[in-house]
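The residues making up each chain are set out below.
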Amino acid sequence: MREIEIDFGMITNDNVEQLRIINSTSLPISYPDGFYKDVVIAKDESLNKFAYHNGFVIGAICCRIQKDGDASSKIYIMTLGVLPSYRGRNVGTKLVQSVIDHATSEECQKIGISEIMLHVQISNNDAIKFYERLGFEKGELVENYYKRIDPPHCYILRKKL
Amino acid sequence: MTSKDANPQAGKGIPLPKKETDLFRSVVKHYECKQYKKGIKSADAILKRFPKHGETLCMKGLILNCTGKREEAINMVKLGLMNDMRSHVCWHVYGLIYRSERNYNEAIKAYKQALRIDKENIQILKDLALLQIQMRDLEGFTQTQHLILELKPNLKVNWLAFALGKHMKGDCKGAVDVIDIFLSTLEQGSTDLQKSYETSELALYKNSILAESGRWNEALDHLIECKEKDIIVDNHSWLKMCGYYQLQLERYDQAKDAFLKLFERGSTEDYSVHTGYMLAILNISGDLSKRMMKSKGARALPSLMVLSEMQRSMLQKEYENNMLVQYPKSIATRRIIITLLDVESDEWKEEIQSYIQLNIKRGVPSLGDDLSALFLCCSPENGNEYYVAEDPVDVKGHQAFCNISKIVDDIIDSLENNSTFPNDEDIQPPSTLLWAWFLRSVLHEFAAEYREAIHFIDKCIDQTPTGVDLYELKGRLVKKAGDIAAAAECLDKGRDLDKQDRYINNMTTKYLLQADREKEALEKMALFTRHESDPEQNIFDMQVTWYELELAACYGRKKMYGKCLKKYMAVEKHFEDIHEDQFDFHSYCIRKVTLRAYVDVLRWEDAIWGQDTYVRAAEGIIKTYLHLHDNPTKSSEDDEIDYSSMTAAERKKAKAIARKKKLKEEKKILEEAKREDGDEAKSKTERKNLVKDQDPDGLELLKKPHLDEAKRYAATLVKNAANHLNTWLCQYDVCIRRGKALMAMRALFQALHLCRESKFIHHEIFKRIVDFQENGKLAEGSHPAVVEVFNMEKATLLGPTSKSLNAFILEWYEKVKANPPSALPLRVEVAKAMLRHNIGSPMDASKLIIENGLNVREVTLNNCVEALTVLKSIEGSEQHATEFAALAKKVYHLSSNF
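Quick caveat, the model's predicted, so the values are computed rather than measured. (Residues numbered from 1 in each chain as written. Chains lettered and ligands numbered in written order. Predicted model: local features only at pLDDT ≥ 70, side-chain atom pairs only at ≥ 80, totals over all residues. Heavy atoms only, no water.)

### Re the side chain of B:S237
Okay, step 1: Relative to the elements of secondary structure, B:S237 occurs in helix 13 (residues 235–248).
Okay, step 2: Judged by its relative accessible area of 18%, B:S237 is buried. (Helix = DSSP H or I, 4+ residues; strand = E, 2+ residues; numbered from the N terminus. Buried < 20%, exposed > 50% of the residue type's maximum accessible area, 1.4 Å probe, protein only.)

Next up, the structure:
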């Protein structure tokens, strides 16, 4: 593994176009404008962040907090992407790890974050393996989760904290 | 004006009663505190009883002037002065009013009148001195300062101002004497003798005057004396001055020490310090040292002048064995070593390769420009000094360029295949490959190989589509390849990625203007101006000259000449303001003893009308007026007519209507804003806006006599920018149209003189010499003696060998033919002259243009378009035109012109 150094940076209204580029080069579905608006409004660098290498944005992760009930809530990973030329260098791992670190922090424990979860297309074995390496476990199958891609089914992956 | 000036003994010698005297004092006080309403109230109270009291009338006028009521103010002051011609207060106010109108000559006269009545009025003397230094009446300034000094010899500023006056008028010895006398008046232990910023600056100022008059020995002794007294705080300047003087005195060992100390202080990246150090090592004579030390930028001695083998090896030894060991992190040192090596040697290649690898690893976007400074050439005309090759023909043939290109190709090859540098094991991150491609792209750009350059920058964008810098280079390449519209799009894409990046935003604006999309350009600019009020006004307030120059050119292309002139004149206005801004420095700098910097500012201001930006604006104005002069029917008083007479008339008409509509809207907005705004101060600025908007399309400017206006601007250029070739070209163009053959001829001689070091004639000069031989005639009835001299000089213009115009054209035809890389535009001009005068066959002219393809100098898109037009006009040279178009299409593959 040829690791490269990265820094994290905030996603703002001024640079959100770069998030669009990251997502369009790494994800099979395109996200609506509302998604990008929410990320900018959230203004929370611990949940939405860019990975910079040598001054350029090369990857990004976007999450949100989901309330389950009164007591517990979880962090949901909406998107994770790294530019193709920069893959295989632990950038994605570092991005997810930073979210895991945040989720286990005192601040999150106070609001009762109990797990991190995400959806992954059932055919995406690389992604499943990637998350399993980080301690995620495969959960239930959701049928017809996606509308425009094939196969349309997905698994839920979770990491209990 | 101080309260002391408020002389109540006025009204034709009759003193005011006690109550009014007090009131008058309060008027002055209110004026000074800017309480204008109260001031007017008090003044009115006096005028109620003494309506003809001159000083009160003047004071009221002065206050009215400050509240923006100009006309009323002037009339009131004049009335006051008429009623009391013997009052210094009235004359002083009269001067202040002129001053506020920037009519300094009249203001000076008024102050002098005031001083006749009240000889020792310090305030008026000070105001007079300010105007005199502003107007550069150096003699008068010095005299006034002398008077002030005699009145108040206990103030330090008065001594300094007097010394400065002497220095500025060229009396260096006198200036030094004044400073010495001042220092001798100080008592022991005075704060002005102790170590402090002010003491140090004054000492260094005196020292710089000594150096200026060439008294190197004295200057050096003085420096050392200062050090012994321990009063210097600016040790960096002190060392630099020491080193420089010692070089002048050819005391090389001491000079070397001074520069070494500068390195120790951390100046290892300052190329001028390196130059000084090397001059000392090589024992270069004082005169040559002086010339070399003047150079600025990232070029040290070995890239400034040709050194002998021995000199180079001496420096190389010093730099490799000592400097590099002492300062292993210094980039300048490494770079200088490269310039000491022979470009052909393996050593050079090794050094340059490690330099490139270091910098692409770090991701330095400017690496290409940095390396381009290594493309050094020296021609016999240039003596022993180097210049940097810039023309693609010269770059492509340069050994350093070829070697660097080869090295970069190898680096890319290795990175693409193994992710490592050649001869290296370390795996590189993808960004290293990115910057290697980027560098390759820039190198192709230097060689005008835009297609290849775009190929590499596309790879970069493909790999890292989030890189803002990449879009900038891509845009520049697309523009150079001939498609400005696509270039603007490309930059806009980059801009989108980082909306806080003002640089890419400005570049986008510039490209949009060049693509004639001025409306969108303004929108982009508005993103970074203040968000209140009109962005156009904000841009003006910020003096954004590059924007105004581009916008003016854009309007010029669109044949909206009124607006075009307006924008050029906005630039002129900025220069007036910048000149005006000096006022802020005159008293401040002397008080703060920043005298060295102040003298620099004064000298810089003296030369501002010769700055490129101003020259470009003046040139634009002259060319526009000359165009209007030459095409009177096409563009008469207003440009609307011009629009309808064009092809695609309807579209243009619609445009004109749209413009009018917009105008109306703008006015409406302004009026609304005015209505909403009740505040006094704000309504003043609104009024200023309104004044400006009375002629938003510059129609009034179009009505001015075109040739007279052009003449006026050409005259400022001649006076201030005599070292610009374009000055003399403009002057010629104006003079020949005004029928001033002698002045036109003089302009051509001046132009030739400027280019005397070049072996080849500039095509613009060639064109005008031909034109002058054809059309330059003296007015009828000129004195025979004048005619004789004129004809003689006219023949001299053709050079020492040619006796007639035909011989002149033939001479250049042969010279151009004998030198394959001769510039394309010169080829075109010679060909045009040949065709007009039937010299050689049309085919000869046609061949002259095309014979060396595009492997000639000064190939630009516009020059190619011009060449193609000429080729197409020559009968029987269709083949050549087709060939040429194909060649041009290869270089400018995105242009629709070929």
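Past the structure itself, the notes keep going.
### A short note on the interface of chain A and chain B
The accessible area lost on association of the parts is a frequent measure of interface size.
Okay, step 1: With 18 residues of chain A at the interface, the matching set in chain B holds 21 residues.
Okay, step 2: Both sides of the chain A and chain B interface together cover about 1,600 Å² of buried area, and 60% of this is carbon and sulfur.
Okay, step 3: At the junction of chain A and chain B, the tally comes to zero salt bridges.
Okay, step 4: Where chain A packs against chain B, one counts nine residue pairs in polar contact (both at pLDDT 80 or more).
Okay, step 5: For the side of chain A that touches chain B, the elements supplying multiple residues, two or more each, are helix 1 (16–26) and strand 3 (56–67) of chain A.
Okay, step 6: Per-element tally for the side of chain A that touches chain B: the top contributor is helix 1 of chain A, with five residues.
Okay, step 7: Residues that form the side of chain A that touches chain B fall into these classes: seven nonpolar, seven polar and four charged. (Contact = heavy atoms within 4.5 Å. Buried area = accessible area lost by both parts, 1.4 Å probe. Salt bridge = Lys/Arg side-chain N within 4 Å of Asp/Glu carboxyl O. Polar contact = N/O pair within 3.5 Å; in protein donor to acceptor, adjacent residues only side chain to side chain. Nonpolar A, V, L, I, M, F, W, Y, C, P; charged D, E, K, R; others polar.)

### Let's talk about the confidence of the model for chain A
As a note on interpretation, predicted positions should not be read in detail where pLDDT is low.
Okay, step 1: Here chain A shows a mean pLDDT of 93. Residues at 70 or above account for 99%.
Okay, step 2: Mean pLDDT across the secondary structure elements of chain A bottoms out at helix 4 (residues 106–110) of chain A, with 88, and peaks at strand 2 (residues 48–53) of chain A, with 97. (pLDDT = per-residue confidence, 0-100.)

### Side note on the environment of A:C62
Residue and element names in this part refer to chain A.
Okay, step 1: Considering the arrangement of structural elements, one finds C62 in strand 3.
Okay, step 2: The exposure class of C62 is buried, given its relative accessible area of 0%.
Okay, step 3: For C62 and K49, which are 13 residues apart along the polypeptide, the C-alpha to C-alpha distance reads 6.6 Å.
Okay, step 4: Excluding anything up to four places from it in sequence, C62 contacts I11, L19, F35, V39, L47, N48, Y76, I77, M78 and T79.

### Side note on the nonpolar core
Okay, step 1: Ranked by internal contacts, the top residues of the largest apolar core, which has 274 residues, are B:L164, B:I356, B:I404, B:F766 and B:F808.
Okay, step 2: Examining the composition of this core, we find that 10 residues originate from one element, helix 23 (residues 430–446) of chain B, more than from any other.
Okay, step 3: A:V39, A:I61, A:C108 and A:I128 belong to the second largest nonpolar core, which has 47 residues in total. (Core = buried A, V, L, I, M, F, W, Y, C linked by side-chain atoms within 4.5 Å.)

### So, the pairing of strand 5 (residues 113–121) of chain A
All names here are of chain A.
Okay, step 1: Within strand 5, seven of the nine residues are buried, which leaves the element mostly enclosed by the surrounding structure.
Okay, step 2: Strand direction decides the pairing type here: strand 4 (residues 73–82) and strand 5, joined by four bridges, are parallel. Each residue of the ladder has a partner; that of I75, found in strand 5, is I116.
Okay, step 3: Bridge count for strand 5 against strand 7 (residues 154–160) is seven bridges, and the pairing is antiparallel. Pairing of M117 across the sheet is with R158, part of strand 7. (Pairing = 2+ DSSP bridges.)

### What about the sheet that holds strand 7 of chain A?
All names here are of chain A.
Okay, step 1: Strand order in the open sheet formed by seven strands is 1-2-3-4-5-7-6, with mixed pairing between adjacent strands. In this open sheet, the two strands that pair with only one neighbour each are strand 1 (7–10) and strand 6 (137–142). Across the sheet, the axes of successive neighbouring strands diverge by a mean angle of 30°, strand direction being ignored.
Okay, step 2: Strands strand 4, strand 5, strand 6 and strand 7 of the sheet are contacted by helix 5 (residues 125–133), whose axis makes an angle of about 160° with strand 5. (Axes fitted to C-alpha atoms, helices over the stretch in contact; angles between N-to-C directions.)

### Brief notes about the environment of B:I454
Residue and element names in this part refer to chain B.
Okay, step 1: Looking at where I454 falls in the secondary structure, it is placed in helix 24 (residues 450–463).
Okay, step 2: Judged by relative accessible area, I454 falls into the buried class, the value being 10%.
Okay, step 3: Between the C-alpha atoms of I454 and F438, which are 16 residues apart in sequence, the distance is 9.9 Å.

### A closer look at the packing of helix 42 (residues 763–775) of chain B against helix 44 (residues 805–818) of chain B
Residues and elements named next belong to chain B.
Okay, step 1: The N-to-C vectors of helix 42 and helix 44 enclose an angle of 165°; their axes lie 10 Å apart at closest approach. Classed by the angle they form, the pair helix 42 and helix 44 counts as roughly antiparallel. With respect to the hand of their crossing, helix 42 and helix 44 are arranged in left-handed fashion. Between helix 42 and helix 44, the residues in contact are F766, I769, V770, Q773 and E774 and L805, F808, I809 and W812, respectively. (Parallel < 35°, antiparallel > 145°, perpendicular 65-115°, else oblique. Left-handed = near helix turned anticlockwise from the far one by under 90°.)

### What to know about helix 12 (residues 216–229) of chain B
Note that an α-helix has 3.6 residues per turn; residues three or four places apart therefore point the same way.
All names here are of chain B.
Okay, step 1: Along its 14 residues, helix 12 runs 20 Å from first to last C-alpha, staying within 8% of the 20 Å computed at 1.5 Å per residue.
Okay, step 2: On its buried face, helix 12 is in contact with helix 11 (197–212), helix 13 and helix 16 (286–293).
Okay, step 3: Phi for D230, located one or two positions after helix 12, is positive at around 55°. (Expected span 1.5 Å × (residues − 1).)

### Brief notes about the side chain of B:E201
All names here are of chain B.
Okay, step 1: The topology assignment puts E201 in helix 11.
Okay, step 2: For E201, a relative accessible area of 5% corresponds to the buried category.
Okay, step 3: Dropping the residues within four chain positions of it, E201 is found in contact with D234, V593 and R596.

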